[in-house]
Amino acid sequence: MGAADTEIGIIGAGDMGMLYARRFRKAGYVVNICDTPEKYDELLKKHDGLGINILRDGYAVSRRSDIIIYSVPAVIINKAVEEYGRATKMGAIVAGQTSVKTPEIQAFEKHLPDDVHIITCHSMHGPNIDTKGQPLAVIRYRSDDAHYQLAIEVLGALESRMIFLTYEDHDRLTADTQAATHLAFISLGTAWSLQGYHPWLNPQFISGINNVKVAISLRIYASKWHVYAGLAIMNPLARKQLQCYVDSMATLYKYMIAGKRAEFRDLVYSSADFIFGKDRSHKKILLDDDVLEQLSLSRVSKSESKPNSHLSLLCAAVCWYRMNMSPYDSLVCQTPPFRMWLGIVEYLFCNQELLEESIEIALTDRYTQSEDLVFYTAVTGWGQCIELGSFEGYQERFEATAEFLRPKLEEGKDLSTMILKKLTNA
């Protein structure tokens, strides 16, 4: 079956759905796409001339498509498959594009006909990044060899780097690479919002690895809330790591304000030795100084910068140490924020002078401790929201912070894309 004979259906015409639609159409496939019925007329106007078939709903897409991809938020995957699964073309291949595969597979099992082949996938990046060369998880759950080969051929149009996993391994790896990473960055944004200042105007966030923190936080808040909520709330493996990050933050902050220097230093250096080894002087650095200083949103002079405890990064290392997890093992299924996150944690811990400065500032500087108190509060607040499983609470917190940071969201997204390109070429 050639490209011209294969019809690909996409249920969900959001940013990722349209990214897929354009790539498949460019490769010569017939592409059928829909969103909710009330958006039909809007989609017709918006995407007229692309050569993509805009259909009214998931029934129309499912009845005629040989490969059907559900590109919907994880929180509604069950509802969507329950609604449209019964219309699936006999012998078709069905996939999903959610970031959490356990509930997706459960929905497919429950609502799809037995003759349907289930070969699902997950592009490990957002819609603003080209699919070429990026990691693509491919999960063969139920299919014969012929349909599996067809799925691989079709997904090849994305030109991504395929990683073949079980759905259980996928959820474990996404928990390892995304859970604590996202928690740290959304908490930074909330902390800035709670204090009423924009980080690009604060002397503690205007140089070095702080540029990366600000850029990635803005990148996340320029995205849609449900992208991050689904992973955090619906992946049970993510919950464990999230709680570890919250607990590690509590331990470090208690040591700071209690003046427990020895305990603080011992925990930080035990984490450093576990992750990076005792001799860190020759460790490969993903980001160097020249790159870091080129990438800044701040208009404040570098000479006015102030030291930072980098508590969010110290806490990341402690969390990995306590979970007996090497972040380098997860690079096979990395996301752009995780690679940048590991890059700045590595930069801090492999620069002895900077690490010592961070520890001393954390333990002795009262202003920094007051700033870190707000970050600690933000982390615990997000942790409680996720533990309660509140999508509504998550959306409200996320969108309030995004609104505060709006003046620089697009610029931050562009800057983080530049950082990612530097890391990709490192």
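Described below are features of the structure shown in this document. (Residues numbered from 1 in each chain as written. Predicted model: local features only at pLDDT ≥ 70, side-chain atom pairs only at ≥ 80, totals over all residues. Heavy atoms only, no water.)

1. Concerning the overall build of the protein
When its secondary structure is counted, the protein shows 18 helices and 8 strands. In summary, the protein has a C-alpha radius of gyration of 23 Å against a globular reference of 22 Å for 426 residues, a match within 12%. By its C-alpha atoms, the protein is 65 × 40 × 40 Å across when sized along the principal axes. The buried share of the protein, taken over its 426 residues, is 59%. When contacts within the protein are restricted to residue pairs at least 6 apart in sequence, long-range pairs at least 24 apart make up 77% of them. (Helix = DSSP H or I, 4+ residues; strand = E, 2+ residues; numbered from the N terminus. Rg over C-alpha atoms; globule rule 2.2 N^0.38 Å. Buried < 20%, exposed > 50% of the residue type's maximum accessible area, 1.4 Å probe, protein only. Contact = heavy atoms within 4.5 Å.)

2. Topic: the packing of aromatic side chains
Two aromatic rings, taken as a pair, are described by how far apart their centres are and by the angle between their planes. Tallied over the entire structure, the rule returns 15 aromatic pairs. A centroid spacing of 5.6 Å and a plane angle of 85° characterise the contact between Tyr20 and Phe24, whose relative ring orientation is edge-to-face. Within this pair, Tyr20 and its partner Phe24 are both found in helix α1 (residues 15-26), separated by 4 residues, close to a single helical turn. In this structure Phe24 comes out as buried when scored by relative accessible area, which is 0%. The interplanar angle of 25° and the centroid separation of 5.7 Å between the aromatic rings of Phe276 and Phe349 together place this pair among those described as stacked. In this pair, Phe276 sits in helix α11 (residues 261-276) while Phe349 sits in helix α14 (residues 336-349), placing the two residues 73 residues apart along the sequence. Taking the relative accessible area as the measure of exposure, Phe349 reaches 1% and is therefore buried. Through a chain of ring-to-ring contacts, the aromatic side chains of Tyr221, Tyr228, Trp382, Tyr394 and Phe398 assemble into a single cluster. One Lys or Arg, Lys306, reaches over the ring of Tyr367 and ends 5.8 Å from the middle of that ring. Above the face of the Trp382 ring, Arg397 is positioned so that its terminal group lies 4.6 Å from the ring centre. (Phe/Tyr/Trp six-rings, centres within 6.5 Å; stacked < 30°, edge-to-face > 60°. Lys NZ or Arg CZ within 6 Å of the ring centre and 35° of its normal.)

3. Description of unusual backbone geometry
In this structure, His310 is a non-glycine residue whose phi angle is positive, near 55°. By the element assignment, His310 lies in the loop between α12 (289-294) and α13 (311-322). A relative accessible area of 3% means that His310 is categorised as buried. The phi dihedral of Asn324 is positive, around 55°, even though this residue is not glycine. By the element assignment, Asn324 lies in the loop between α13 and α14.

4. As for the sheet that holds strand β1 (residues 7-11)
Read from one edge of the open sheet, 8 strands run β3-β2-β1-β4-β5-β6-β7-β8, paired in mixed fashion. Single-partner strands in this sheet number two, and they are β3 (53-54) and β8 (161-164). (Pairing = 2+ DSSP bridges.)

5. Brief notes about the nonpolar core
A general feature of soluble globular proteins is that nonpolar side chains tend to end up buried together. If you look at the biggest cluster of nonpolar residues, it comprises 79 residues, and the most contacted ones within it are Tyr245, Trp341, Phe349 and Tyr394. Ranked by residue count, the leading element in this core is helix α7 (residues 167-195), at 10 residues. Those residues in contact with Tyr394 that sit more than four places away from it in its chain are Ile186, Trp225, Tyr228, Ala229, Ala232, Ile233, Trp382, Cys385 and Ile386. Counting 32 residues, the second-largest nonpolar core is a separate cluster that includes Ala95, Ile119, Tyr148 and Leu150. (Core = buried A, V, L, I, M, F, W, Y, C linked by side-chain atoms within 4.5 Å.)

6. Some details on the environment of Met124
Inspection of the secondary structure assignment puts Met124 in the loop between β6 (117-123) and β7 (135-142). For Met124, a relative accessible area of 1% translates into the label buried. C-alpha separation for the pair Met124 and Gln97, spaced 27 residues apart in sequence, amounts to 9.8 Å. Setting aside residues no more than four positions away along its own chain, Met124 makes contact with Pro135, His170, Thr174, Gln178, Cys333, Gln334, Thr335 and Pro336.

7. Here we look at helix α17 (residues 391-405)
Compared with the 21 Å implied by 1.5 Å per residue over 15 residues, the 21 Å span of α17 between its first and last C-alpha is a close match. When α17 is considered as a whole, its buried residues turn out to be Gly393, Tyr394, Phe398, Thr401, Ala402 and Leu405. Mapping the buried residues of α17 onto a view down its axis gives an arc of 155°, with all of them on the same face. Opposite the buried face of α17, by more than 90 degrees, sit the exposed residues Glu392 and Glu396. (Expected span 1.5 Å × (residues − 1). Arc of directions from axis to C-beta.)

8. Details of the packing of α7 against helix α10 (residues 236-258)
Two elements in contact, α7 and α10, have axes whose closest approach is 8 Å; the angle formed by their N-to-C orientations is 30°. Relative to α10, the element α7 is oriented roughly parallel. You can see that α7 and α10 cross each other, and the crossing is right-handed. Note on element contacts: α10 touches α7 through Leu237, Ala238, Gln241, Leu242, Tyr245 and Val246, opposite Glu168, Asp171, Arg172, Ala175, Asp176, Ala179, Ala180, Leu183 and Ala184. Tallied by class, the residues present in the contact of α7 with α10 amount to 10 nonpolar, 1 polar and 4 charged. (Axes fitted to C-alpha atoms, helices over the stretch in contact; angles between N-to-C directions. Parallel < 35°, antiparallel > 145°, perpendicular 65-115°, else oblique. Left-handed = near helix turned anticlockwise from the far one by under 90°. Nonpolar A, V, L, I, M, F, W, Y, C, P; charged D, E, K, R; others polar.)

Spatial relationships are all this shows, so hold off on functional conclusions.
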